[in-house]
Each structure stands twice: as C-alpha cells, then as structure tokens.
Amino acid sequence: MRDYYEELWARLPDRLTPPDFQRRRAWLRAAVRPADRALDLGCGDGVFTGELTAAGAATVVGVDAAQAALTRARARHPDLAFHRVAFDGPLPFADASFDLVWASEVIEHTADTARFLSELRRVLTPGGRVALTTPDHGRLRLLIDGIEPHSPPLGDHLHLYTRRSLRTILSEFGFTDITVTAPGPPWRYRPLLAHATR
C-alpha cells in the first residue's frame, strides 16, 4: 500500500484543493480548542495541518504513510512537525499525547480499521476528541450510482461508510458523545462529518 500512495502523490499536481475543502475546514475549525495538542492523521500535503494551527491549536503534528506527501507538507509548512508512519501500523507517540485527532478522508483507506481506531484512541487524552470525515455511501446514493464508481477493483477505498455504520464503529471502540452528520442531498457526493470523545 505504501508504494501505491508514493506513486499517487508523485503523480498529483503540486497544489491541490481537497474535495469539499470549505466544509471540511469549517468542521475542523469548530473542533479546535485553544491550547489543543492536535494530530493530523493522514495529513497528505499538510493543508489541514496548517488549518489546525490557524484555528488555534497550540501544538500540531502531521503524519502520513507517504514520503512524497510529507515532502510537500514540509515545503508548505516548514515550521510544523511531520512524521512518516507505517501504513496501518502503530503511531510513534506515547499514550494520551493529543487532545484532538483530525483524520479527514483516511478511515476509508485503512485495511485494519480496528487497529486504526485503537491507535487513534490510544494517543488521545481521556476526554480527547476525534474529528473525522469520510465520503457518505448511503443507500440512496448507491442505489442511483451502483457500487462500481465508489469501490473500483483497483481503487484505494477499502471501506464504505454510512452515518449508521460510522457511528456504530466509533461506539464499538469506546468513543462517546458521537455525532455524525451528512450535509447536502443524499443523491450527490457529500462527506460524513463526525465528532466523538474518548
């Protein structure tokens, strides 16, 4: 998988605008509290890592599995800390290192969702929060489009989520105060926006 993402980042244009950027940025900004220690899990080129800082987080760290993504992130934000992590591996941080974990458009790419959520929970402080986004794959959208456009055989989306399935998996891993919204009409692309507390 690491090679896949290295090649992907090598092919992408230098400056990207993430899908649904304004909505995701607003979701991120609403999650940040002053003095938060924040982790951008799956930071890509660092666009949201910079947004965490701009929103007032005191300490911000970005991690990604692709070195090509981190090279872009460091060029974009040379003042921020970025680390390479193993795909679906343990995070290189002590327990309870962060008050907030931002994981935008990441959970659908993880092969081992149990390990991903366990590690995410482990590095959060008690009472720490996760804010994540992932594409919504509700029944109506799949009925209209079919599954092929959302999960092609050689694609990188390994899991498809609905509001219910995302809420359920977060609850099963001990998160509380879970909110999952899906703004926009159900027949068009829309992100699932989730907040939860450890």
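Going by the structure above, here's the rest.
Residues numbered from 1 in each chain as written. Predicted model: local features only at pLDDT ≥ 70, side-chain atom pairs only at ≥ 80, totals over all residues. Heavy atoms only, no water.

(A) Examining the overall build of the protein more closely. In terms of helices and strands, the protein carries seven helices and seven strands. Written out in order from the N terminus, the α and β elements of the protein read α-α-β-α-β-α-β-β-α-β-α-α-β-β. Scored against the burial criterion, the 198 residues of the protein give a buried share of 50%. In the protein, once contacts between residues fewer than 6 apart in sequence are set aside, the share between residues at least 24 apart is 67%. (Helix = DSSP H or I, 4+ residues; strand = E, 2+ residues; numbered from the N terminus. Buried < 20%, exposed > 50% of the residue type's maximum accessible area, 1.4 Å probe, protein only. Contact = heavy atoms within 4.5 Å.)

(B) Fine view of the packing of helix α2 (residues 21-31) against helix α3 (residues 47-54). Running from N to C, α2 and α3 cross one another at 40°; their axes reach a closest spacing of 10 Å. The angle between the axes of α2 and α3 places the two elements in the oblique class. The hand of the α2/α3 crossing is right-handed. Across the interface between the two elements, F21, R24, R25, L28 and R29 from α2 touch V47, F48, E51, L52 and A54 from α3. Looking at side-chain class alone, the contact of α2 with α3 contains six nonpolar, no polar and four charged residues. (Axes fitted to C-alpha atoms, helices over the stretch in contact; angles between N-to-C directions. Parallel < 35°, antiparallel > 145°, perpendicular 65-115°, else oblique. Left-handed = near helix turned anticlockwise from the far one by under 90°. Nonpolar A, V, L, I, M, F, W, Y, C, P; charged D, E, K, R; others polar.)

(C) Focus on the nonpolar core. Of all hydrophobic cores here, the largest spans 30 residues; its most connected members are L39, L41, L166 and L170. Here the element with the most residues in this core is helix α5 (residues 113-123); it accounts for four residues. What L39 contacts, discounting residues up to four positions off in sequence, is V61, V63, L91, F93, F98, L100, V101, W102 and V123. Ranked by size, the runner-up nonpolar core spans 15 residues in total, among them F21, L28, V32 and A131. (Core = buried A, V, L, I, M, F, W, Y, C linked by side-chain atoms within 4.5 Å.)

(D) Here's a closer look at the packing of aromatic side chains. Applying the stated criterion across every chain yields a total of three aromatic pairs. Consider the rings of F48 and W102, whose centres lie 5.4 Å apart with planes at 55°: the pair is tilted. Linking F48 in helix α3 with W102 in strand β4 (residues 98-104), this pair joins segments that are 54 residues apart in sequence. The residues F48 and W102 share a single accessibility class, namely buried. With a centroid separation of 5.0 Å and an interplanar angle of 90°, the aromatic rings of F93 and F98 are classed as edge-to-face. By the burial criterion, F93 is buried, and F98 matches it. Of the aromatic side chains, those joined through ring pairs into one cluster are F21, F48 and W102. A cation over a ring is seen here: R121 above F175, with NZ or CZ 5.9 Å from the ring centre. (Phe/Tyr/Trp six-rings, centres within 6.5 Å; stacked < 30°, edge-to-face > 60°. Lys NZ or Arg CZ within 6 Å of the ring centre and 35° of its normal.)

(E) Representation of the environment of R24. Checked against the element boundaries, R24 lands in helix α2. Classification of R24 by relative accessible area gives buried; the value is 4%. For the pair R24 and L193, spaced 169 residues apart in sequence, the C-alpha to C-alpha distance is 7.9 Å. Contacts of R24, omitting those with residues within four sequence positions, involve P18, P19, F48, W102, S104, E105 and T133.

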